[in-house]
Amino acid sequence: EAAQKMLFQQLLSGCYETLRASAQRPVPAPKPPPPPTQEGADREGGGAPPPPLKETPKEPVLDFFGVSVKAQEMIQRCNELNVLSAAIKRYPTPLQFRLDALVRQKPPSWGAAAGWSTVEDAMMLVGTHIHGFGNWDRIRCDDTLGVGEKLDACVGGEGKNSLGPKTTQLETRTSMLLRRLCSAQPNSQDGSVRPNGKGK
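Here we summarise the structure given alongside this text.

## Thoughts on the overall build of the protein
Now for step 1: The number of helices and strands found in the protein is eight helices and two strands.
Now for step 2: Out of the 200 residues belonging to the protein, those deemed buried represent 32%.
Now for step 3: Carbon and sulfur atoms form 55% of the exposed surface of the protein, whose accessible area is close to 12,900 Å².

Below is the structure:
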C-alpha cells in the first residue's frame, strides 16, 4: 500500500509539472493562410485575404512509465473524488449517503427500463468512492450497495439484464454527478488534491 501511495504521488506530481510546463510554453504564432488560387481570387472578387489559421492547443499529456495520462483530466478527477469523500463522510455511514436537490438529476434515458433512481445514483458514487472510478465489476459484486442486478448487463454478470446500462452510460452518468457534486459545494476548491496526495 505504501508503494501504491508513492506511485500515486509521483503520478500527481508529474501531472502538475506537466501543466506548469505547458503554461510556460510560448504560444505558437498563427499559421499564415495558404496562398489563394486564381480561381479563389476571382470568386471572392479580390476581397480581403482570409484570417490566419489558428492552431488548436494540445491537451498536456504526461508520459508515465510509457502510459499517456491527460494531466488536467487526472487532476480534475482526483479533485472530484476528494469532494465526494468529504460529502460521504458527512453521513453516519456511507450507505446513508444521498444526493441533495442541487445534485440530483432526472433519470437517464435508460433509467426507466432499468429501474434506475437517485438511490442507485448515490450508491454508484459510494461504490466509486470505495472501489475507484470505473471499477463496475467490483461495484456490482458489492452486495451492500444493492446495484448488482442493474449492472449485470455492462459487466457480464451471470444474471443478464438486457435493460441494464452500458459501461459508457455509467461512466457518463457518474462523471456528470461528480461534476454536479463539486459545483454544489460552496468551497469545493478547498478539496483540491496537491502533489503530496492531500487536499489543501
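## Some words on the pairing of strand S1 (residues 61-64)
Now for step 1: A one-sided burial pattern is seen for S1, the buried positions being Leu62 and Phe64 and the unburied ones Val61 and Asp63.
Now for step 2: Taken together, the four bridges between S1 and strand S2 (residues 67-70) define a ladder with antiparallel strand orientation. Residue pairing across strands places Phe64 opposite Val67, the latter belonging to S2.
Now for step 3: Linking S1 back to S2 in an antiparallel pair, the connection comprises two residues, with Phe65 at a positive phi of about 55°.

## Side note on the nonpolar core
Now for step 1: In this structure, Phe97 and Met124 are the most contacted members of the largest nonpolar core, which totals 25 residues.
Now for step 2: At the level of elements, helix H3 (71-88), helix H5 (118-131), helix H6 (136-141) and helix H8 (167-184) are the ones that each hand at least two residues to this core.
Now for step 3: If we skip the residues at most four places from it in the chain, Met124 touches Trp116, Trp136, Ile139, Val147, Leu151, Leu170 and Thr174.
Now for step 4: Counting ten residues, the second-largest nonpolar core is a separate cluster that includes Leu12, Cys15, Leu62 and Ala71.

## A look at H3
Now for step 1: The end-to-end C-alpha distance of H3 is 26 Å, a good match for the 26 Å that 18 residues give at a rise of 1.5 Å each.
Now for step 2: Within the span of H3, buried status applies to Ala71, Ile75, Cys78, Asn79, Glu80, Val83, Leu84, Ser85, Ala87 and Ile88.
Now for step 3: Buried residues along H3 sit against helix H1 (2-24), S2, H5 and H8.

## Re the state of the cysteines
Now for step 1: Taken as a whole and judged by the stated rule, the model has zero disulfides.
Now for step 2: Lacking any disulfide linkage, Cys15 is separated from the closest cysteine sulfur, that of Cys78, by 7.4 Å.

## Examining the packing of H3 against H5
Now for step 1: Where H3 contacts H5, the axes come no closer than 10 Å and their chain directions differ by 110°. On the basis of their axis angle, the class for H3 and H5 is roughly perpendicular. Handedness of the H3/H5 crossing: left-handed. Side by side, H3 and H5 meet where Leu81, Leu84, Ser85 and Ile88 of the first sit next to Leu125, Val126, Thr128 and His129 of the second.
Now for step 2: In the contact of H3 with H5, the residues fall into five nonpolar, three polar and no charged.

## Topic: unusual backbone geometry
Now for step 1: With phi around 55°, Phe65 is a residue other than glycine that occupies positive phi space.
Now for step 2: By secondary structure assignment, the location of Phe65 is in the loop between S1 and S2.
Now for step 3: Residue Phe65 is classed as exposed on the basis of its relative accessible area of 67%.

## As for the packing of aromatic side chains
Now for step 1: Counted by the stated rule, this structure contains three aromatic pairs.
Now for step 2: On the basis of an interplanar angle of 75° and a centroid distance of 4.8 Å, the ring pair of Phe64 and Phe65 is categorised as edge-to-face.
Now for step 3: Residue Phe64 is classed as buried on the basis of its relative accessible area, which comes to 16%.
Now for step 4: Arg77 extends its terminal NZ or CZ atom over the ring of Phe133, reaching a point 4.0 Å from the ring centre.

What counts, and at which threshold
- Throughout this description, residue numbers start from 1 for each chain and increase along the sequence as written.
- Totals for whole chains, interfaces and linings use all residues, but because this is a predicted model, local features are given only for residues with pLDDT of at least 70 and pairs of side-chain atoms are given and counted only at 80 or more.
- Side-chain descriptors were evaluated using all non-hydrogen atoms of the structure, hydrogens and water having been removed beforehand.
- Helix and strand assignments come from DSSP, with helices taken as H or I runs of at least 4 residues and strands as E runs of at least 2, each series counted from the N terminus.
- Whether a residue is buried, partly exposed or exposed follows from its accessible area with a 1.4 Å probe, protein chains only, as a fraction of its type maximum: under 20%, in between, or over 50%, in that order.
- The Shrake-Rupley method, run with a 1.4 Å probe, gives the accessible areas here. Residue values count only the displayed protein chains as cover.
- Here, strands pair whenever DSSP counts at least two bridges between them.
- Only buried residues count toward a nonpolar core. Its members are Ala, Val, Leu, Ile, Met, Phe, Trp, Tyr and Cys residues joined through side-chain atoms within 4.5 Å.
- Note on contacts: a residue pair qualifies if any of its non-hydrogen atoms lie within 4.5 Å across the two residues.
- Each helix should span, by expectation, one fewer than its residue count multiplied by 1.5 Å.
- Disulfides are defined as cysteine sulfur pairs within 2.5 Å.
- Only the stretch in contact is used when fitting a helix axis, every axis being a line fitted to C-alpha atoms; angles between N-to-C directions are given from 0 to 180 degrees.
- We call two directions roughly parallel when the angle between them is under 35 degrees, roughly antiparallel when it is over 145, roughly perpendicular when it lies between 65 and 115, and oblique otherwise.
- A crossing counts as left-handed when the near helix is turned anticlockwise from the far one by less than a right angle, and as right-handed when that turn is clockwise.
- Nonpolar residues are Ala, Val, Leu, Ile, Met, Phe, Trp, Tyr, Cys and Pro. Charged residues are Asp, Glu, Lys and Arg, and all others, Gly as well, are polar.
- To pair, rings of Phe, Tyr and Trp, with the six-membered ring standing in for Trp, must have centres within 6.5 Å; the planes then decide the type, stacked if under 30 degrees apart, edge-to-face if over 60, and tilted in the middle.
- Placement of a charge over a ring requires the Lys NZ or Arg CZ to be within 6 Å of the ring centre, with the centre-to-atom vector within 35 degrees of the ring normal.

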